[in-house]
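# Coordinate inspection notes
Now for the letters of each chain:
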Amino acid sequence: MSTQQRILPYTSVFIKLLKGPVEYVEKSTWEKLIQYKVELTGFLLQMGLALVLDEQDGYAYIKHYPFEEDENPVSWIQRRALTYEESVMLVLLREMMAEFEVGEATNRELIKKRREIKEYAELFFKENASRVKFLKEIDRLIDKAEENGFLDKTETSDLADEQKFRIKKIIKAKVSSEELDHFYQQLVKIKEEKDNKADQEQLEGHKEYLRSE
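From a predicted model like this one, the values you see are computed outputs, not experimental measurements. (Residues numbered from 1 in each chain as written. Predicted model: local features only at pLDDT ≥ 70, side-chain atom pairs only at ≥ 80, totals over all residues. Heavy atoms only, no water.)

### Structural notes on the pairing of strand β2 (residues 49-54)
Cut-off, in case you're wondering: Pairing between two strands requires that DSSP report at least two bridges joining them. In DSSP terms, a helix is any run of H or I states spanning at least four residues, a strand is any run of E spanning at least two, and both are numbered starting from the N terminus.
Bridge count for β2 against strand β3 (residues 59-64) is 6 bridges, and the pairing is antiparallel. Opposite V52, over in β3, you have Y61 as the bridge partner. Between β2 and the antiparallel strand that follows it, β3, lie 4 residues; G58 among them carries a positive phi value of about 80°.

Listed below in structure tokens is the structure:
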């Protein structure tokens, strides 16, 4: 038997899944994944892994099966720990996806300009003393979301704020509807506190103006 014959037909898909989620936009890999999903599921099971496949939204990834506490299985999957700020950005992107899906969308994918993501995020992040630094931090979080595989840059531009990103649907697997509701309510409170503070500062400024008249 030749080496070529011994290689499983879905090996390339398995290798891709080890690196991260696979989407329908990767046409050849996606078609092979769908073709061999039963065989691939059985293969992964032998290694303590499960295939999570959402054919409607067009993404797939693998996860570890839960083990007993005294077991110490090999970790096949790269894990990324998110900071609090990165988690907040992820929740905001997930909320944008939720709004997109309940609306009358004519496109399958949600595409947003960097400027639009920043404007939305500004409402929920607490602004520091320097607005320039504040906006740079939001830019950093957007870039981090792209690095972590939740955003896909679809169009570049000489003006950074005009760059376009596709918000990947895999984000729905990272943040469930229940988690979104819980975290989003916390963010709404932050926004309300921020709005109240701005209103108070505006009122104080108006009073100071009247005193000077």
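### A short note on the sheet that holds strand β1 (residues 22-23)
As a reminder, the rule being used: Two residues form a contact once any of their heavy atoms are found within 4.5 Å. Orientation is described by lines fitted to C-alpha atoms, with helices fitted over the stretch in contact, and by angles between N-to-C directions that extend from 0 to 180 degrees.
If you trace the 3 strands from one edge of the open sheet to the other, you get β1-β3-β2, paired in antiparallel fashion. The sheet is open, and its two edges are formed by β1 and β2, each paired on a single side. The sheet contact formed by β1 and β3 spans 2 bridges and is antiparallel. Looking at β3, one finds that E23 is bridged to Y59. Strands β1, β2 and β3 of the sheet are contacted by helix α2 (residues 11-19), whose axis makes an angle of about 75° with β3.

### Overview of empty space enclosed by the protein
This is how the line gets drawn: Using a 1 Å grid laid over the protein atoms alone, points where a 1.4 Å probe fits but cannot get out form a cavity; open sets with protein on both sides within 12 Å along at least 5 of 7 lines form a pocket; any residue with an atom within 4 Å of a point counts as lining. Grid points are joined across faces, edges and corners, and a volume is the space filled by probe spheres set on the points. Amino acid classes used here: Ala, Val, Leu, Ile, Met, Phe, Trp, Tyr, Cys and Pro are nonpolar; Asp, Glu, Lys and Arg are charged; the rest, including Gly, are polar.
Taken as a whole and judged by the stated rule, the model has 1 cavity of 30 Å³ or more. Quantified by volume, the largest cavity comes out at close to 60 Å³. Together, L82, E86, M89, L90, L141, K144, A145, N148 and F150 line the largest cavity. Looking at the lining of the largest cavity, the elements with two or more residues in it are α5 (84-102) and α7 (131-147). Classifying every residue of the lining of the largest cavity gives 6 nonpolar, 1 polar and 2 charged.

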